Amino acid sequence: MAPQVSIIGSGNAGLTAAYHFSLQGANVCLFGAKGFDQPLADIEARGGIEALSSFNDVPLTYAGFQKIDKVTRELKEAIATQIYLFYLSHRSLKSRCLLRCCRIYVMDKLSC
């Protein structure tokens, strides 16, 4: 069974993490807060994330398209069924209830 991963944040770091987890075979749920969720609308329209093949004439290694299993604007939905929950910005760590109910990875460290 594929790992269940939630990414909290749909900025550059969150999109990159979602792409790479999906590339490695994980089922990915991507959360974006209302008002900051334009990337989610784009992903919903396309069905996934496309990584560029080049930028400024420089070839990029991980070009391609990866399906994202779920996008949501509801935090409870993002954490409901996931095994691993990743925050990629310290600004996202505003909810103490998340710290009590989930194993949360902040960058490369486990917070309990």
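Scroll up a little and you will see the structure.
Residues numbered from 1 in each chain as written. Predicted model: local features only at pLDDT ≥ 70, side-chain atom pairs only at ≥ 80, totals over all residues. Heavy atoms only, no water.

**Some remarks on the overall build of the protein**
Consideration 1: For the protein, the count of helices and strands is four helices and ten strands.
Consideration 2: From first element to last, N terminus to C terminus, the protein shows the α and β order β-α-β-α-β-β-β-β-β-α-β-α-β-β.
Consideration 3: Per-residue burial over the protein gives 33% buried out of 112 residues.
Consideration 4: Pairs at least 24 apart in sequence give 50% of the contacts found in the protein among residues at least 6 apart.
Consideration 5: If you sum the accessible surface of the protein, you get close to 7,200 Å²; carbon and sulfur atoms cover 55% of it. (Helix = DSSP H or I, 4+ residues; strand = E, 2+ residues; numbered from the N terminus. Buried < 20%, exposed > 50% of the residue type's maximum accessible area, 1.4 Å probe, protein only. Contact = heavy atoms within 4.5 Å. Areas by Shrake-Rupley, 256 points an atom, 1.4 Å probe, with all protein chains shown as cover.)

**Focus: the nonpolar core**
Considering soluble globular proteins, one finds that nonpolar side chains tend to be buried as a cluster.
Consideration 1: The biggest cluster of nonpolar side chains holds 13 residues, and the ones touching the most others in it are Ile7, Ala18, Leu30 and Ile68.
Consideration 2: For this core, the secondary-structure elements that each account for two or more residues are strand 1 (4–8), helix 1 (12–23), strand 2 (27–31) and helix 2 (38–46).
Consideration 3: Per-element accounting of this core gives the leading share, three residues, to helix 1.
Consideration 4: Setting aside residues no more than four positions away along its own chain, Leu30 makes contact with Ile7, Gly9, Ser10, Gly14, Leu15, Ala18, Leu40, Ile43, Ile68, Lys70, Val71 and Thr72. (Core = buried A, V, L, I, M, F, W, Y, C linked by side-chain atoms within 4.5 Å.)

**Side note on the pattern of salt bridges**
Consideration 1: What the rule picks out here adds up to six salt bridges.
Consideration 2: For Glu74, the salt bridge goes to Lys34, with nearest N and O atoms at 3.0 Å. Of this pair, Glu74 sits in the loop between strand 7 (70–72) and helix 3 (75–80) while Lys34 sits in the loop between strand 2 and helix 2, and the two are 40 residues apart along the sequence.
Consideration 3: The shortest N-O distance in the salt bridge between Glu50 and Arg46 comes to 2.4 Å.
Consideration 4: Exposure remark for Glu50: the relative accessible area of 48% places this residue in the partly exposed category.
Consideration 5: Sharing partners across several salt bridges, the network here consists of Asp37, Glu44 and Arg73. (Salt bridge = Lys/Arg side-chain N within 4 Å of Asp/Glu carboxyl O.)

**A look at helix 1**
Consideration 1: Under the 1.5 Å per step criterion, the end-to-end length of helix 1 is 16 Å for twelve residues, consistent within 8% with the ideal 16 Å.
Consideration 2: Inspection of helix 1 places Gly14, Ala17, Ala18, Tyr19 and Ser22 among the buried residues, and these make up the whole buried set.
Consideration 3: On its buried face, helix 1 is in contact with strand 1, strand 2, strand 3 (48–51) and strand 6 (64–67).
Consideration 4: Phi for Gly25, located one or two positions after helix 1, is positive at around 100°. (Expected span 1.5 Å × (residues − 1).)

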